[in-house]
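Coordinate analysis (summary)
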Amino acid sequence: MIQDDYGYSDIKWEDMNEANVRLVEAEYRQRLEGTIKGSDEIDKKAQYILTGLIGLVTALIGLSFTQAERVEIQYLVGLYALATVFILGAICSAISLRPRMFVHPGSTPQDLNVAKWQELLRGDEKTAIRLAGVRIKEYARGIARNEQSNAQKSWWLQAAIILTAAAAPTSLLTTVAAVLALAECA
C-alpha cells in the first residue's frame, strides 16, 4: 500500500492562490482518469487475446482427440505443445484481467464527518483551498496505485502476447524433436 503524502504536508495551503490550486487539482484529476482509461484499454486487449486463445485451444484439443487415430504421433505431440503454449498465454491474459484496487475520480478526504467541514460550508476560502489540497493528495495516491496496477496488468498481457507468438515455433520444434526421437527409436 502506498503511504506517502505526495508533498501535501510541505505546502501551506492557506497561502496558495485558489485559482492555481484548482488548476493543479484539475491536472491531477485528468491524470487519474487517464490511468483508469489505460486500465480499461489493457483489459480490452486482454479480453480479445483470451477470447481468441480459448477458441484456438478448444479447436486444437478437439482436433487432437477426434483425429488421434489418423494423425502420426509426432504431429499430435506438436498439436499438444501448441495447445499447451496457448493455454499458458490464456492464463497470463486471464491474470491480466484480475481485478485490482483502483481509485476513481471524485475521491474525498478520509474523514467523512460532514460536521468537520463547517468552515467550508460557511464559505471560508482557506478551508476550500485546504480541501482542494487534500483532493490533490488523494488523486496522487490514486494515480500511483493505478499506475502500479496498470504496470502489473501490462506485464501479464505482454507475457500472453509473447507466449502466443512463441506457440507456433514451439510446436514446430516439438514436432521436429518428436520426429528425431522416433527416428532414433526405430
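See above for the structure.
1. Overview of the pattern of salt bridges
A complete count under the given rule lists nine salt bridges for this structure. The shortest N-O distance in the salt bridge between aspartate 15 and lysine 12 comes to 4.0 Å. There is no split in this pair, since aspartate 15 and lysine 12 are both exposed. Among the charged side chains, a salt-bridge network with shared partners connects Glu18, Arg22, Glu25, Arg29 and Arg135.

2. Looking at unusual backbone geometry
Positive phi, normally seen in glycine, also occurs at tyrosine 6, with a value near 55°. Tracing the chain through its elements places tyrosine 6 in the segment before α1 (18-66). On the basis of relative accessibility, which here comes to 29%, the residue tyrosine 6 falls in the partly exposed class.

3. Thoughts on α1
Compared with the 72 Å implied by 1.5 Å per residue over 49 residues, the 72 Å span of α1 between its first and last C-alpha is a close match. Two or three places before alanine 19, at the opening of α1, asparagine 17 has a side-chain oxygen 2.9 Å from that residue's backbone nitrogen.

4. Topic: the nonpolar core
Considering soluble globular proteins, one finds that nonpolar side chains tend to be buried as a cluster. Within the largest apolar cluster, 19 residues are counted, with the highest numbers of intra-cluster contacts made by Ile49, Leu53, Leu60, Leu82, Phe86, Leu157 and Ala167. Going through the elements one at a time, α1, α2 (73-96) and α4 (125-185) are the ones with two or more residues in this core. The element best represented in this core is α2, accounting for eight residues. Apart from the residues within four sequence positions on either side, leucine 53 is in contact with Phe86, Gly89, Ala90 and Thr164. Counting residues in hydrophobic clusters, the runner-up holds seven residues, among them Trp13, Ile129, Ala132 and Ile136.

5. With respect to α4
In this model α4 runs 86 Å from its N-terminal to its C-terminal C-alpha over 61 residues, within 8% of the 90 Å that 1.5 Å per residue would give. The largest bend in α4 amounts to roughly 40° and is located at alanine 167, with the proline proline 169 lying one to four residues further along.

6. Some remarks on the environment of asparagine 17
Following the sequence through the fold, asparagine 17 ends up in the segment before α1. For asparagine 17, a relative accessible area of 45% corresponds to the partly exposed category. Separated by 109 residues in sequence, asparagine 17 and lysine 126 have C-alpha atoms that sit 9.7 Å apart. Within the local environment of asparagine 17, its side chain forms a polar contact with the backbone nitrogen of asparagine 20, the two atoms lying 3.0 Å apart.

7. Digging into the packing of aromatic side chains
Scanning the model with the defined rule gives three aromatic pairs in all. The aromatic ring of tyrosine 8 is capped on one face by lysine 137, whose charged end is 4.8 Å from the ring centroid.

8. Examining the packing of α1 against α2
What describes two packed helices is the angle between their axes and the distance between those same axes. As a packed pair, α1 and α2 sit with axes 8 Å apart at the nearest point and diverge in direction by 155°. By the angle between their axes, α1 is roughly antiparallel relative to α2. Seen from above, α1 lies across α2 with left-handed handedness. Classifying every residue of the contact of α1 with α2 gives 20 nonpolar, four polar and one charged.

9. A word on the packing of α2 against α4
At their nearest, the axes of α2 and α4 sit 8 Å apart, and the two run at 170° to each other. If you check the angle between α2 and α4, you find them roughly antiparallel. When its residues are assigned to classes, the contact of α2 with α4 shows 22 nonpolar, 10 polar and one charged.

Here is what the cut-offs are and how they apply
- Residues numbered from 1 in each chain as written.
- Predicted model: local features only at pLDDT ≥ 70, side-chain atom pairs only at ≥ 80, totals over all residues.
- Heavy atoms only, no water.
- Salt bridge = Lys/Arg side-chain N within 4 Å of Asp/Glu carboxyl O.
- Buried < 20%, exposed > 50% of the residue type's maximum accessible area, 1.4 Å probe, protein only.
- Helix = DSSP H or I, 4+ residues; strand = E, 2+ residues; numbered from the N terminus.
- Expected span 1.5 Å × (residues − 1).
- Polar contact = N/O pair within 3.5 Å; in protein donor to acceptor, adjacent residues only side chain to side chain.
- Core = buried A, V, L, I, M, F, W, Y, C linked by side-chain atoms within 4.5 Å.
- Contact = heavy atoms within 4.5 Å.
- Bend = angle between axes of the 7 residues up to and from the residue.
- Phe/Tyr/Trp six-rings, centres within 6.5 Å; stacked < 30°, edge-to-face > 60°.
- Lys NZ or Arg CZ within 6 Å of the ring centre and 35° of its normal.
- Axes fitted to C-alpha atoms, helices over the stretch in contact; angles between N-to-C directions.
- Parallel < 35°, antiparallel > 145°, perpendicular 65-115°, else oblique.
- Left-handed = near helix turned anticlockwise from the far one by under 90°.
- Nonpolar A, V, L, I, M, F, W, Y, C, P; charged D, E, K, R; others polar.

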